[in-house]
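Here's the letter readout for the chains.
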Amino acid sequence: MRASHPLHWICLFLSAILPGIFLPSCSFGRSERPGIDSKFHDYSELDVIYSEWAVRYPHLVELRIVRDSQDTEESHTIPALVLSDKSVMAESEPRIQLVGAMHGNEELSTEILVVLVEYLLSEYCSGNPSIKSLLDNTELHILPVANPDGFRSGSRFNTAQVDLNRNFPWSWTELGASGLSPGDQWETRALMQDALEKAYTLSVSLHTGSFGISRLWDYTGELGWSWNGSSIAYTREYFTEKLLPIKGAVDTLGEGYRRLLPETYAGDFFNREGYDWYPAYGTFQDWLYGAAGIPAFTLEIDTRQDFRMNNTDPEVIAEVWSIHKSALSNLLDSVLETTGGLLRDASTGEPVYGEITFSSVQDPGSRTIAPLEPQVMALSARSDREAGSFHAYVPEGIYSLTTTASGYVDAGPFMATITPNGANGLGTILLNPIQ
């Protein structure tokens, strides 16, 4: 984080003037913050809340900034909270990304993430074993507001009047609010760079306007697609094996979410492939999996929108949190059952940023694909830059594995047996530098 960012100075200010109040301890209980889920916050209020967490829980919370490293505009930043027992250390743990307010008028998505953070911290400190297991064994990267300018103005779009969830370079097409070219918005580029560097195991983007969980893919359907009069049909087997090798995992996770909702709500909640809901191009979840290999969901938490503009009763925050609390917690816990390992330099032992593939198919990299172009996908996972760790939802079975990384000799193929719930990790895979 750059020292000049206002969040940095807020943290220092609070640390300096309030040492007797904001203690780095676990004494902070939920009852001390009765207003946390009873109002819609403006952007400056959120900054203060983030900073309070970072000061009070230095052993659990890291405040960082998501940005495009090539962007010199100081205002082009997205705050992120990292929750983990040792969040500042490079550990071999699965990482979860939670994103709110990609559409700036969907403020409830932000508030639910704020309540989630408060819940996780207070429950961890009270000794809740499931929450302790989650934060001790994962990293949660929470971005409450992915569209800061849209959030401030109460607009779905950013300052350039672009729908960020149509601006990503995966089956992007020009549809008015999708930008002039794929990835041409600073928010999009910042989110892309962050995802490639962190190699998230799971990403969940919270939205409002509907009620359900939208799964991969948005740009093409299980049984076919059409564009400008052309169409093609896939068999179910082809779709699963070639276009979405993690279909079983995303179906199961989506249905598991629905089943854990209160009974009175579960019947109205959809668990649906995005394309089956409605076709969309250049979306965040499609780019995350297509380009970065990260399983991603769009979670629609409530049918209402424009909360601040409509002076919505803030009690809706507590109401919606109570509906989603158990299901969302279970979805986060799912990463604890993934298969993981480490990529390391055989000579130095240093972490290696690369990719491990569980099937021999074309690597999509991060290229732009044409609208509705069918793309053969690999069952693969990328390692992160900090620890060289990777984690993936890999079904039980025997696999031939290959590993690739820039500057290293490709490793494999070699055989590995994956047991249920990721019980057997793949350990450390050593890669030899190219001489």
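In short, a report on the structure. In this text the structure is predicted, and so the values were computed from the model without any measurement.

Let's talk about helix H6 (residues 186-198)
Inference 1: A rise of 1.5 Å per residue sets the reference length of H6, with its 13 residues, at 18 Å; its end C-alpha atoms lie 18 Å apart and thus fit the reference within 8%.
Inference 2: Burial of H6 is extensive: ten of the 13 residues sit out of reach of the surface.
Inference 3: Inspection of H6 places Trp186, Glu187, Thr188, Ala190, Leu191, Met192, Gln193, Asp194, Ala195 and Lys198 among the buried residues, and these make up the whole buried set.
Inference 4: Buried residues along H6 sit in contact with strand E1 (61-66), strand E2 (78-83), strand E3 (95-99), strand E4 (139-143), helix H5 (148-153) and helix H11 (284-292).
Inference 5: A positive phi of about 50° marks Ala199, the residue just after H6.

Quick word on the side chain of Glu139
Inference 1: Locating Glu139 in the fold gives a position in strand E4.
Inference 2: Taking relative accessible area as the criterion, Glu139 reaches 2% and is therefore assigned buried.
Inference 3: A distance of 2.8 Å separates the side chain of Glu139 from the side chain of His141, its partner in a polar contact.

What to know about the pattern of salt bridges
Inference 1: Inspection of the entire model under this criterion finds 16 salt bridges.
Inference 2: Where Arg304 meets Glu319, a salt bridge forms, and the shortest distance between an N and an O atom there is 3.6 Å. Of this pair, Arg304 sits in the loop between strand E10 (296-302) and helix H12 (315-333) while Glu319 sits in helix H12, placing them 15 residues apart in sequence.
Inference 3: Arg304 sits in the partly exposed class, given a relative accessible area of 34%.
Inference 4: Take Glu319: its relative accessible area is 34%, and that puts it in the partly exposed class.
Inference 5: Beyond isolated ion pairs, a larger network of salt bridges with shared partners links Arg95, Glu139, Lys198, Asp384 and Glu386.

Thoughts on the environment of Glu187
Inference 1: With respect to the helices and strands, the residue Glu187 is situated in helix H6.
Inference 2: On a C-alpha basis, the gap between Glu187 and Ile78 in space is 7.7 Å, while along the polypeptide they are 109 residues apart.

Calculation criteria
Residues numbered from 1 in each chain as written. Predicted model: local features only at pLDDT ≥ 70, side-chain atom pairs only at ≥ 80, totals over all residues. Heavy atoms only, no water. Helix = DSSP H or I, 4+ residues; strand = E, 2+ residues; numbered from the N terminus. Expected span 1.5 Å × (residues − 1). Buried < 20%, exposed > 50% of the residue type's maximum accessible area, 1.4 Å probe, protein only. Contact = heavy atoms within 4.5 Å. Polar contact = N/O pair within 3.5 Å; in protein donor to acceptor, adjacent residues only side chain to side chain. Salt bridge = Lys/Arg side-chain N within 4 Å of Asp/Glu carboxyl O.

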